[in-house]
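Tertiary structure, described
Listed here are the chains, written in short residue letters.
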Amino acid sequence: MTISVLQHAPSAHLPARPGDPTPTSRNLDPLMHPFARARERTRALNAVKMERMFAKPFIASLEGHVDAVETMARKPDTLDIVASGSWDGGLIVHDVSRRSKVLHIEDAHKGKVSGVCFGQEGRLLSCGVDRNIKLWNSEKGYEEDESGAGPSQNKPLSIYPGKTAFNSIDHHRYDPLFATGSNLVQVWDETKSAAVSNLTLPTATETVTAVKFNLAEASVLASIGSDRSFTLYDIRTGKAERRIIMQMRSNALSWSPTFPTTVLLASEDHNLYTFDIRNLNTPTQIYKAHVAAVMSCDWSPTGLEFVSGGWDRTVRIWKEGVGTQPEVYHTKRMQRVMSTVYTGDSRFVLSGSDDGNVRIWKAHASDKLGIITARERAAIEYRQSLKARWKADAEVNKIARTRHVPKPVYKAAQLKRTMLDAQRVKEERRRKHTRAGENKPKAERKKVVIAEQS
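These numbers come from a predicted model, not from an experiment.

**Overview of the overall build of the protein chain**
- Secondary structure assignment for the protein chain yields 4 helices and 29 strands.
- Relative to its 454 residues, the protein chain shows a buried fraction of 43%.
- Considering only intrachain contacts with a sequence separation of at least 6, the fraction spanning at least 24 residues in the protein chain is 49%.
- Entry remark: accessible area of the protein chain is about 25,300 Å², with carbon and sulfur atoms responsible for 52%.
- Computed over 68 positive and 51 negative side-chain charges, the separation of the two mean positions in the protein chain equals 9 Å.

Below, the structure is given as structure tokens:
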């Protein structure tokens, strides 16, 4: 008599070590799971709904200024130290993680503070319309008082007088040099009281509104001017190397931290542009969503995202290379956004607005703050992979991209769309009724730069 016996290895069905979970066996035959795709789609829908439910980006407001916050700068090599300058002449160094003030100078300048940046060894540079540049020690809030009469008001370490009102300032990455923008671009040495060199084109008559040193090639300096110009300088040769005139003027610029040749410009025509400085004829990408002038921009330290703030009272976070549908933040009380900056870990964004507040936002609106366990991390990553896999589904995509904006912004966007459509139709009709080949359509990117001077 033959007896057939089913024999199973115990190691396949029992935990390998005490405390381990019991192994489970699954039949992966797709025919055995006819509803797998339907289940996965439901999970993707739930994941994208949960993301929108937990999207609460606003964290806190840092108070202290009594007028518009026009300029902000992050301290290099730190995650959470940010300086802000206001129209009231005040200067504050914030500790973002503790939501406290490291330094508060109420009357740093007479009139508004137009530029602020960090130098070497924790020093802080500020400039204003009072024609002065001041160097401060940002490490301690007040000077040591030997008399025992209480803390005395902080005084600047150095004052550099200028001939005209300053609009912007930026520090060299390695050397004790800094650049300022006024009616011309000047390079200063921290140890000298006067500018060491003046950088300008012989034909230039513009007011320089912003200057920025390149993060990789620290001798390269970029500036934007009121005559719609974007100019590149080399401080080693002491002259302007390249200069382009754009369709409309730029309000802010920012160098990419990961691509040394990429520069981002925030324009008056409601758009942002990225340029590769090796080819300045056309922008590499146009970013369209704002419904008023874009006043500020700043790259994330990862170089994958950047933030912009606009006259339309919104803060928008963009993915690099994706020109539409950015994340949009707004509050009822926030007025025109004059300055924006990322924190060093790229998890948070700070915005300074007309109402005198510096607001802290999450860079990703639905991120959980605090400690995330391994199981939570695995669940978050699974939900993200589901959203990526099902992003082409109409319902999932609709929930993921829908954003509620204030009524004035929504109406302005609607009106702007109508005007642009009318303009497009008008051009097509004009082309239709002219001789063939006489009026060729021009690509959007080709319209941005009018001329290049070198």
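**A word on unusual backbone geometry**
- Phi at Asp-77 is positive, roughly 65°, even though this residue is not glycine.
- Structurally, Asp-77 can be placed in the loop between β2 (69–74) and β3 (81–86).
- A positive phi angle, near 50°, is found at Gln-325, a position not held by glycine.
- Judged by relative accessible area, which is 57%, Gln-325 ranks as exposed.

**Overview of the sheet that holds β2**
- Read across the open sheet, the 4 strands follow the order β2-β3-β4-β5; overall the sheet is antiparallel. The outermost strands of the open sheet, each flanked by one partner alone, are β2 and β5 (100–105). Here the strands of the sheet are splayed against their neighbours by 20° on average, with no regard to which way each runs.
- Alignment of strand β4 (residues 91–95) against β5, held across 5 bridges, turns out to be antiparallel. Of the residues in β5, the one forming a bridge with Leu-91 is Ile-105.

**Examining the packing of aromatic side chains**
- As enumerated under the stated definition, the model contains 10 aromatic pairs in all.
- Between Phe-178 and Trp-188, the ring centres sit 6.1 Å apart and the planes meet at 5°, which makes this aromatic pair stacked. Of this pair, Phe-178 sits in strand β11 (residues 177–181) while Trp-188 sits in strand β12 (residues 185–189); the two residues are 10 residues apart in sequence, bridging distant segments of the chain. For the pair Phe-178 and Trp-188, one class covers both residues: buried.

**Points about the pairing of strand β20 (residues 271–276)**
- Within β20, 6 of the 6 residues are buried, which leaves it mostly tucked inside the rest of the structure.
- Judged by which residues are buried, β20 turns out to be covered on both faces: Asn-271, Tyr-273 and Phe-275 on one side and Leu-272, Thr-274 and Asp-276 on the other are all buried.
- As paired strands, strand β19 (residues 262–267) and β20 are joined by 5 bridges and run antiparallel to one another. Paired with Val-263 across the strands is Phe-275, a residue of β20.

**Notes on a nonpolar patch on the surface**
- Side chains of Met-1, Ile-3 and Val-5 sit close together on the surface and give an oily, nonpolar patch of about 450 Å² of accessible area.
- Tracing the backbone through its elements, the reader meets Ile-3 in the segment before α1 (36–53).
- Judged by its relative accessible area of 63%, Ile-3 falls in the exposed class.

**Brief notes about the side chain of Ser-256**
- Tracing the chain through its elements places Ser-256 in the loop between β18 (250–255) and β19.
- Since its relative accessible area comes to 1%, Ser-256 is described here as buried.
- Reaching out from Ser-256, the side chain makes a polar contact with the backbone nitrogen of Phe-259 at a distance of 3.2 Å.
- If sequence neighbours within four positions are ignored, Ser-256 has contacts with Leu-215, Thr-262 and Trp-299.

**Details of the nonpolar core**
- Formed by 19 residues in total, the largest nonpolar core has its most connected members in Phe-230, Leu-232, Leu-253 and Phe-275.
- When residues of this core are traced back to their parent elements, those giving at least two are β15 (220–225), β16 (229–234), β17 (239–246), β18, β19 and β20.
- Here this core takes 3 residues from β15, the largest share from any one element.
- Among all residues touching Leu-253, those that are not within four sequence positions of it are Ala-210, Val-211, Lys-212, Ala-222, Ile-224, Phe-230, Val-263, Leu-264, Leu-265 and Cys-297.
- Within the second largest apolar cluster, 14 residues are counted, among which are Ala-179, Leu-201, Phe-213 and Ala-240.

**As for the confidence of the model for the protein chain**
- Confidence along the protein chain averages 92 in pLDDT terms, with 97% of residues attaining 70 or more.
- For residues 142–152, every residue scores under 50 in pLDDT, and the model assigns this stretch 10 contacts once sequence neighbours within four places are set aside.

**Details of the sheet that holds β16**
- Pairing in this open sheet of 5 strands is antiparallel, and the strands run β14-β15-β16-β17-β29 from one edge to the other. Each edge of the sheet is formed by a strand with only one pairing partner; in this case those strands are β14 (208–213) and β29 (449–453). Taken over all neighbouring pairs, the strand axes of this sheet differ in orientation by 20° on average, direction set aside.
- As defined by bridge partners, β16 adjoins β17 across 6 bridges and the pair is classed as antiparallel. Opposite Phe-230, over in β17, you have Ile-244 as the bridge partner.

Reading the values: rules and limits
Residues numbered from 1 in each chain as written. Predicted model: local features only at pLDDT ≥ 70, side-chain atom pairs only at ≥ 80, totals over all residues. Heavy atoms only, no water. Helix = DSSP H or I, 4+ residues; strand = E, 2+ residues; numbered from the N terminus. Buried < 20%, exposed > 50% of the residue type's maximum accessible area, 1.4 Å probe, protein only. Contact = heavy atoms within 4.5 Å. Areas by Shrake-Rupley, 256 points an atom, 1.4 Å probe, with all protein chains shown as cover. Lys, Arg positive; Asp, Glu negative; His and termini not counted. Charge placed at Lys NZ, Arg CZ, Asp CG, Glu CD. Pairing = 2+ DSSP bridges. Axes fitted to C-alpha atoms, helices over the stretch in contact; angles between N-to-C directions. Phe/Tyr/Trp six-rings, centres within 6.5 Å; stacked < 30°, edge-to-face > 60°. Patch = residues over 30% accessible without salt bridge, like charges linked within 9 Å, V, L, I, M, F, W, Y side chains within 5 Å. Salt bridge = Lys/Arg side-chain N within 4 Å of Asp/Glu carboxyl O. Polar contact = N/O pair within 3.5 Å; in protein donor to acceptor, adjacent residues only side chain to side chain. Core = buried A, V, L, I, M, F, W, Y, C linked by side-chain atoms within 4.5 Å. pLDDT = per-residue confidence, 0-100.

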